[in-house]
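Topology and contacts: notes
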Amino acid sequence: MTKQMDFDVLVIGAGPGGYHAAIRAAQLGLKVACAEREYLGGVCLNVGCIPTKAMLHAGEQIAAARHAADFGLTFGEQNLNIAKLNGWKDGIVKKLTGGVGALFKANKVTHLIGEASFVDPHTVKVGDKTYTASNFIIATGSEPAKLPGLDVDQQVIVDSTGALVMPDPVPARMLCVGGGVIGFEFSHVYNNMGSKVKVIEFLPNIIPGADADAVKEFAKIMKKQGIEIATETKANRAEKKNDGVHVELENVKTGEKTTEVFDRVLVAVGRRPRTDGLNLQATGATVTDRGFVPANTRQQTNVPHIYSIGDVAGNPMLAHKAMKEGLVAAEVIAGKPAEQDAVAIPGVVYTSPELAWVGLTEQEARDKGYEVKTGVFPMSASGRAMTLQATDGFVKMVVEKDTDLLLGVHIVGPHASDLLGEAGLALEMAATASDIALTIHAHPTLGEAVLEAAEAVHKQAIHIMNR
Ligand SMILES: Cc1cc2nc3c(=O)[nH]c(=O)nc-3n(C[C@H](O)[C@H](O)[C@H](O)COP(=O)(O)OP(=O)(O)OC[C@H]3O[C@@H](n4cnc5c(N)ncnc54)[C@H](O)[C@@H]3O)c2cc1C
């Protein structure tokens, strides 16, 4: 390799994984380019995490305004200006994606606009130009999985991208096909904005990967809020008629079929890694049957100078996992002893209340052979939760019986995603339940529920009866 390369690192894709990798590589003194064919910030900033959280916040304010009547505050008739809602959300996206562009400039990352395609293991074509690089980082992300029989038109039958544009008027009847994280976040938005929402899930349980007790509590709360949930149910086909979309639903256990009519149908049945157009064959990098480009703990593919990060590298498909892998890939290329060795990657459903978890579920811990103790503290016993009108849910802690070692924390409750930071750090530091219980948490805060769940493990919580 005597030939001079155009770049030390060429990153393909400017999503959370790609832009983190590009910026960290530049911080470490490398000459970096990042090729992006659609939008800076990738799925997360443009059609994922950020716009959904904006819509969720708007929906929660609508619900909060209704609940304010409990303490005597009433408003006039609710009036949602949908054009303004969509515009406000788009404004946040624009600001953040513009921010990524500014960070690229400030860090001297060359932004190559266009679709990148490999020519050989050290060359890519972007538009009509070719560039060489010593290292490549594949960060091409994922796209919504399709469902036969339900053709997405982004108007009445939508995927997550179409669902982000709220139609005017808000659809009266909405079907969400898929009871995962994305499905429930949108169902919560539409429910709060006035739709009658039904969620169907093929499997016996919603939110795969979360703790069974937490999921049970979460489902109970979602139903209480008015969302209908049908598990072991699939959608066979949808037909658009004058009075709405007629969807044939089938109970997968009994085979019973019914047809129901909706104004909007969201297909949220998972995501597929995206490598189309990349011409990876020219590099010799392995692509699995399911389309992933697998990597080792240093984020290297089987071709050592080609790295893979984020959704395209494997599950879980989460922005913070992509970001971390981006940093690892950049640091490995710069010669640092970096590795993806996270003890646990948090998961969150940003509904209200949130469902959030980090570490092992009770079942996973048992399956791994741990003898387990659990401690549960209900939000209904939290003074802070009462003041926030948010007493649904609990904190559940999973601990190894003999050593008291923390294995997992599962929270259904307000700001669960933020409470998870403490739990994640505790897991990384190999803390015990006692370590958490001995830490003074400010009063009154939601964080005290984490402390009392740790106390509950030892049957010593103060604000509940310990059984
Ligand atoms: C509705 C929704 C809500 C979500 N909410 C959350 C959340 O709250 N929290 C969370 O952690 N995760 C969330 N996610 C998941 C999160 O968006 C992804 O995990 C994250 O975006 C993955 O980052 P990435 O960098 O791997 O890829 P992406 O963000 O998918 O970015 C890949 C980029 O590569 C570009 N690209 C692809 N091929 C090429 C090519 N050949 N040449 C040039 N460019 C190319 C694409 O245009 C894209 O911009 C959500 C996803 C969705 C759909």
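Remember, it's a predicted structure, so these values are computed and weren't measured experimentally. (Residues numbered from 1 in each chain as written. Predicted model: local features only at pLDDT ≥ 70, side-chain atom pairs only at ≥ 80, totals over all residues. Heavy atoms only, no water.)

Time to look at the site of the ligand. Every one of the 41 residues lining the ligand counts as a neighbour, but Glu36, Lys53, Ala116, Asp311 and Ala319 are closest to it. Interatomic distance of 2.6 Å between a side-chain N/O atom of Glu36 and an oxygen atom of the ligand. Within the side chain of His320, one N or O atom sits 3.3 Å away from an oxygen atom of the ligand. Here the ligand has 1000 Å² of accessible area as a free molecule, and 97% of this is covered by the chains. Elements represented by at least two residues in the shell around the ligand include exactly α1 (16–27), β2 (32–36), α2 (42–47), α3 (49–67), α6 (181–192) and α8 (319–333). Here the shell around the ligand takes four residues from α2, the largest share from any one element. Residue classes in the shell around the ligand are distributed as 19 nonpolar, 14 polar and eight charged. (Near = heavy atom within 4 Å. Polar contact = N/O pair within 3.5 Å; in protein donor to acceptor, adjacent residues only side chain to side chain. Areas by Shrake-Rupley, 256 points an atom, 1.4 Å probe, with all protein chains shown as cover. Helix = DSSP H or I, 4+ residues; strand = E, 2+ residues; numbered from the N terminus. Nonpolar A, V, L, I, M, F, W, Y, C, P; charged D, E, K, R; others polar.)

As a further point, take the UniProt feature "domain: FAD/NAD(P)-binding" (unreviewed entry) in the chain. As annotated in UniProt, the feature "domain: FAD/NAD(P)-binding" (unreviewed entry) corresponds to residues 7–326 in the numbering used here. Structurally, residues 7–326 comprises 31% helix and 27% strand, and the distance from its first C-alpha atom to its last is 17 Å. (UniProt positions renumbered as here; feature names shortened; annotations may be inferred.)

Under the counting rule described, the total for this entry stands at 20 salt bridges. Salt-bridge contacts for Asp263 lead to Arg173; the nearest nitrogen and oxygen are separated by 2.9 Å. Placement of the pair is Asp263 in the loop between β14 (257–262) and β15 (264–267) and Arg173 in strand β9 (residues 173–177), with a sequence separation of 90 residues. Note on Arg173: relative accessible area 31%, which makes it partly exposed. Between Lys253 and Glu232 there is a salt bridge, and its shortest N-O distance comes to 3.5 Å. Residue Lys253 is located in the loop between β13 (244–251) and β14, and its partner Glu232 is located in the loop between β11 (228–231) and β12 (233–241); the two are separated by 21 residues in the primary sequence. When its relative accessible area of 63% is taken as the criterion, Lys253 is described as exposed. Through salt bridges with shared partners, a single ionic network connects Asp211, Asp213, Glu362, Arg366 and Lys396. (Salt bridge = Lys/Arg side-chain N within 4 Å of Asp/Glu carboxyl O. Buried < 20%, exposed > 50% of the residue type's maximum accessible area, 1.4 Å probe, protein only.)

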